[in-house]
Amino acid sequence: MASVRHETVIDASPEHTWDVLRDVGAVHERLLPGRVTSTRIEGDQRYLTFPDGHVIRELIVTIDDDARRLAYAVVEGARPPVEHHHAAFEVRAEGAEASRLIWTTDVLPHAVAAEIRVRVERGAAEMKQAIESSARSPRR
């Protein structure tokens, strides 16, 4: 199994960063606005709809507030297609007013790891921008 790990420092408190990440039903509003157009929750399943109409179904495995860790698995609609996809976000304090976002993704087959890495890096940059922007302005 290939493992892709990406870390980025976000100019927002770990509390704020975690609040955005753990809000699993608001990905389209708080975490990846523009990249995801709608989010639907049904039990422990999350459905993400993209601008082209494509839908990914994920299983929310755990939301651990104490560890600031969110684990999920893509179970349908992965691009590129995969046999297995499990990922986790962790939020850690980085100094007094910043946070470190750690995103680890395990995938099969190994051959998709390079493409997954590109998507994770791009996604993390978009998440960083959204989280920092919302940290600077009060939530409505």
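Our subject is the structure that appears above.
Residues numbered from 1 in each chain as written. Predicted model: local features only at pLDDT ≥ 70, side-chain atom pairs only at ≥ 80, totals over all residues. Heavy atoms only, no water.

## Some points on the nonpolar core
Thought 1: With 32 residues, the main nonpolar core has Leu21, Leu31, Tyr72, Phe89, Leu101, Trp103 and Met127 as its most contacted residues.
Thought 2: Residue assignment for this core shows that the elements contributing at least two residues are strand S1 (2–10), helix H1 (14–22), helix H2 (27–31), strand S4 (55–64), strand S5 (69–76), strand S6 (84–93), strand S7 (99–108) and helix H3 (113–136).
Thought 3: Every residue in contact with tryptophan 103, bar those within four places of it in the chain, is listed here: Val4, Arg5, His6, Tyr72, Ala87, Ala88, Phe89, Val120, Gly123, Ala124 and Met127. (Core = buried A, V, L, I, M, F, W, Y, C linked by side-chain atoms within 4.5 Å. Buried < 20%, exposed > 50% of the residue type's maximum accessible area, 1.4 Å probe, protein only. Helix = DSSP H or I, 4+ residues; strand = E, 2+ residues; numbered from the N terminus. Contact = heavy atoms within 4.5 Å.)

## Things to note about H3
Thought 1: Between its first and last C-alpha atoms H3 spans 34 Å; for 24 residues at 1.5 Å apiece the expected length is 34 Å, and the two agree.
Thought 2: Residues of H3 that are buried include every one of Ala113, Ile116, Val120, Gly123, Ala124, Met127, Ala130, Ile131 and Glu132, and no others.
Thought 3: Buried positions along H3 lie against S1, H1, H2, S6 and S7. (Expected span 1.5 Å × (residues − 1).)

## Quick notes on the side chain of serine 13
Thought 1: Along the chain, serine 13 turns up in the loop between S1 and H1.
Thought 2: There is a polar contact of 3.0 Å between the side chain of serine 13 and the backbone nitrogen of histidine 16. (Polar contact = N/O pair within 3.5 Å; in protein donor to acceptor, adjacent residues only side chain to side chain.)

## Considering the sheet that holds S1
Thought 1: Spatially, the seven strands line up as an open sheet ordered S1-S7-S6-S5-S4-S3-S2, and their pairing is antiparallel. This sheet does not close on itself; its edge strands, each paired only once, are S1 and strand S2 (38–42). Ignoring strand direction, the axes of neighbouring strands in this sheet form an average angle of 20°.
Thought 2: Where S2 and strand S3 (residues 45–49) come together, five bridges link them in antiparallel fashion. The partner of serine 38 across the bridge, within S3, is threonine 49.
Thought 3: Helix-sheet contacts for H1 involve S1, S4, S5, S6 and S7, and the interaxial angle to S6 is about 155°.
Thought 4: Sheet contacts for H3: S1, S6 and S7; angle to S1, the most-contacted strand, approximately 20°. (Pairing = 2+ DSSP bridges. Axes fitted to C-alpha atoms, helices over the stretch in contact; angles between N-to-C directions.)

## Examining the side chain of histidine 85
Thought 1: Tracing the backbone shows histidine 85 in strand S6.
Thought 2: Residue contacts for histidine 85: discarding those within four places in its chain leaves Tyr72, Ala73, Val74, Thr105, Asp106 and Val107.

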